[in-house]
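Here's the letter readout for the chains.
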Amino acid sequence: MSDGSDIPDNLVRRVGWPGSVSRAVATPLQPSVVYASADPDQLDAQYEGRLSGFTYAREGHPNADVLAQKIDALEGAPLTGGLILGSGMAAVSAVLLGLLKAGDRVLGGNQLYGRSLRLMSQDLPRFGIGADLADPTDAEAFRAAIRPETRLILVEVVSNPTLRIADMEAILTIGREAGIPVAVDNTFTTPRGYRPFDHGADIVIHSVTKLLAGHSDVTLGYVATRDPSQRQAIRDFAVTTGMTPSPFDCWLAERGLMSFHLRYDRAEENAAALAGFLAGQPGVRRVIYPGRSDHPDHNRAAGLLGKRGGNMLSFELEGGRAAANALTRAMPDVAFAPTLGDIGTTLSHPASSSHRALTPEGRAALGISEGFFRVSVGVEDIDLLRRDIGAGIKATALSR
Ligand SMILES: *Cc1c(COP(=O)(O)O)cnc(C)c1O
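Procedures and definitions
- Residues numbered from 1 in each chain as written.
- Predicted model: local features only at pLDDT ≥ 70, side-chain atom pairs only at ≥ 80, totals over all residues.
- Heavy atoms only, no water.
- Helix = DSSP H or I, 4+ residues; strand = E, 2+ residues; numbered from the N terminus.
- Buried < 20%, exposed > 50% of the residue type's maximum accessible area, 1.4 Å probe, protein only.
- Contact = heavy atoms within 4.5 Å.
- Core = buried A, V, L, I, M, F, W, Y, C linked by side-chain atoms within 4.5 Å.
- Domains from an automatic or database assignment.
- Axes fitted to C-alpha atoms, helices over the stretch in contact; angles between N-to-C directions.
- Left-handed = near helix turned anticlockwise from the far one by under 90°.
- Nonpolar A, V, L, I, M, F, W, Y, C, P; charged D, E, K, R; others polar.
- Pairing = 2+ DSSP bridges.
- Near = heavy atom within 4 Å.
- Polar contact = N/O pair within 3.5 Å; in protein donor to acceptor, adjacent residues only side chain to side chain.
- Areas by Shrake-Rupley, 256 points an atom, 1.4 Å probe, with all protein chains shown as cover.
- Buried area = accessible area lost by both parts, 1.4 Å probe.
- Salt bridge = Lys/Arg side-chain N within 4 Å of Asp/Glu carboxyl O.

### Some thoughts on the side chain of threonine 55
Relative to the helices and strands, threonine 55 resides in the loop between α1 (40–47) and α2 (62–75). Looking at threonine 55, the relative accessible area reads 14%, which means it is buried. The residues touching threonine 55, leaving out its near neighbours within four places in the chain, are Val33, Val34, Tyr35, Leu43, Gln46 and Tyr47.

Below, the structure is given as structure tokens:
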């Protein structure tokens, strides 16, 4: 009652959202953690699903739902819809830990994302869950790695960083015949390149952080399942363990997603052109791009991805670490950063980042030398890219 009237101050209580017959065109950002219901009966109805309404943001919020709907549409996800989680690894973890129990085993591709491999080798065993790995480009090896306890298969279509193409048709058939759900981490391919549900996959996972959000300013994940009971198990695990995404991140990702098709098509066009450019440069030992006829899985890539070679390419320089240092120093405008899918081109060096935990021999077995680079091609003018990368390659001449 600071003004002397008998009406108490009301700084703490929220006022109603201003009504408007016209609606906001941009999605509103809704940071509210809690939602007020009218009475306990209504809250019961909400929890029991008879009335729809948000309750507590860890359990769900509008910005996550809006983003999930958009990715659902891109992926052709079942009507129950996907879930947005706090990171791509939250999505991978929620799938593995939400669906498997002690005594079960998961069969994974042997070149999965590094943290997925680590989860399988270091963490799942602590919960009594076993993990096996097999080469997803070799259908027979994959089939042979199935054990009686195998309850889930996890694969990526395009491996990192050697960009090998999994034999998806065979793996999906193996899963179907054995009654084992197949989860596809579709981060590299994106639904523009490959839609796992259309081919019979049971679960689709994304690191939204990468191409879908596309601006290196949010960390988010997505998961959708064909089977509603699996969706429920994954959601319960994610809500309990607090894998909730931030509304602001979801809002930013939705904004990023609006230009996904445009960015992807342009980046892919650039990648194809850059692969051709690199292949003609002195000191470049090999170029790996699924759209090139000299790619080891070119026919499979053409069958699975059609003309979509994607935005990722790798190349190997002569001259080892010295050449690698010279390259990145000579092209400071292209971020040397261990990520992918940014709107701008980024360059990563697996020997010093994603694959640093391996021995040099272990890396050599995968074809990753000190001169090996992975490029996530962005939407820049191709002439700018040729100029920057050309300058980088030129700077390696002294190291060869
Ligand atoms: C980056 C990445 C992840 C992990 O996603 P985060 O959002 O960084 O947690 C998982 N799988 C693949 C293929 C990735 O590239």
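### Structural notes on the nonpolar core
Counting residues in hydrophobic clusters, the biggest one holds 52 residues, and the most contacted among them are Ile84 and Met168. In terms of residue count, α2 provides more of this core than any other element does, 5 residues in total. A domain-level breakdown of this core finds at least three residues from each of domain 1 (60–257) and domain 2 (260–397). With residues near it in sequence (within four places) discarded, methionine 168 still touches Val155, Val157, Val184, Tyr194 and Leu304.

### A short note on the packing of α2 against helix α9 (residues 247–257)
Across the interface, α2 lies against α9 with an axial gap of 8 Å and an inter-helix angle of 35°. The crossing of α2 and α9 is left-handed. Touching Asn63, Ala64, Val66, Leu67, Lys70, Ile71 and Leu74 of α2 are Pro247, Cys250, Trp251, Ala253, Glu254 and Leu257, all from α9. Broken down by class, the residue content of the contact of α2 with α9 amounts to 10 nonpolar, 1 polar and 2 charged.

### Details of the sheet that holds strand β7 (residues 221–225)
Strand order in this open sheet of 7 strands is β1-β7-β6-β5-β4-β2-β3, and the pairing throughout is mixed. The open sheet has two edge strands, β1 (83–85) and β3 (130–134), and neither has a second partner. The average undirected angle you get between the axes of adjacent strands in this sheet is 20°. Where strand β2 (residues 105–109) lies against β3, 5 bridges are found, and the strand directions are parallel. Each bridged residue has a counterpart across the sheet, and for leucine 107 the counterpart in β3 is aspartate 132.

### Here's the deal with the sheet that holds strand β12 (residues 372–376)
In spatial order, the strands read β8-β9-β12-β11-β10; together these 5 strands make up an open sheet with mixed pairing. Bordering the open sheet on either side are β8 (284–288) and β10 (335–336), each of which pairs with just one other strand. Where strand β9 (residues 312–317) meets β12, 5 bridges bridge the pair, whose relative direction is antiparallel. For methionine 312, the partnering residue across the bridge sits in β12 and is serine 376. Where helix α12 (residues 320–330) meets the sheet, its contacts fall on β9, β10, β11 (346–348) and β12, and the angle it forms with β9 comes to roughly 125°.

### Things to note about the site of the ligand
What surrounds the ligand is a group of 13 residues, the closest being Gly88, Asp185, Ser207, Thr209 and Lys210. The contact in question runs from an oxygen atom of the ligand to an N or O atom on the side chain of serine 207, over 2.8 Å. Side-chain polar atom of lysine 210 to an oxygen atom of the ligand: 2.8 Å apart, as the coordinates give it. For the ligand, the protein covers 92% of the area, taking 380 Å² as the surface of the free molecule. Residues belonging to the shell around the ligand are distributed by class as follows: 5 nonpolar, 5 polar and 3 charged.

### Comments concerning the side chain of serine 348
Mapped onto the elements, serine 348 comes out in strand β11. Residue serine 348 is classed as buried on the basis of its relative accessible area, which comes to 4%. Apart from residues no more than four positions distant in its own chain, serine 348 is found in contact with Phe336, Ala337, Pro338, Phe372, Phe373 and Arg374.

### Regarding the domain arrangement of the protein chain
The domain architecture assigned to the protein chain consists of domain 1 (60–257) and domain 2 (260–397). Using C-alpha coordinates to define each centre, domain 1 is positioned 25 Å away from domain 2. Tallying the contact residues gives 28 residues for domain 1 and 30 residues for domain 2. Both sides of the domain 1 and domain 2 interface together cover about 2700 Å² of buried area, and 61% of this is carbon and sulfur. If you look at where domain 1 meets domain 2, you find 3 salt bridges. Residue aspartate 297 pairs with arginine 164 through a salt bridge whose shortest N-O separation is 2.7 Å. Seen at the junction of domain 1 and domain 2, the total is 15 residue pairs in polar contact (both at pLDDT 80 or more). Of all elements in the fold, only α7 (190–193) and α9 reach the threshold of two or more residues within the side of domain 1 that touches domain 2. Among the elements that take part in the side of domain 1 that touches domain 2, α7 stands out by supplying 3 residues, more than any other. Of the residues assigned to the side of domain 1 that touches domain 2, the class counts are 13 nonpolar, 11 polar and 4 charged.

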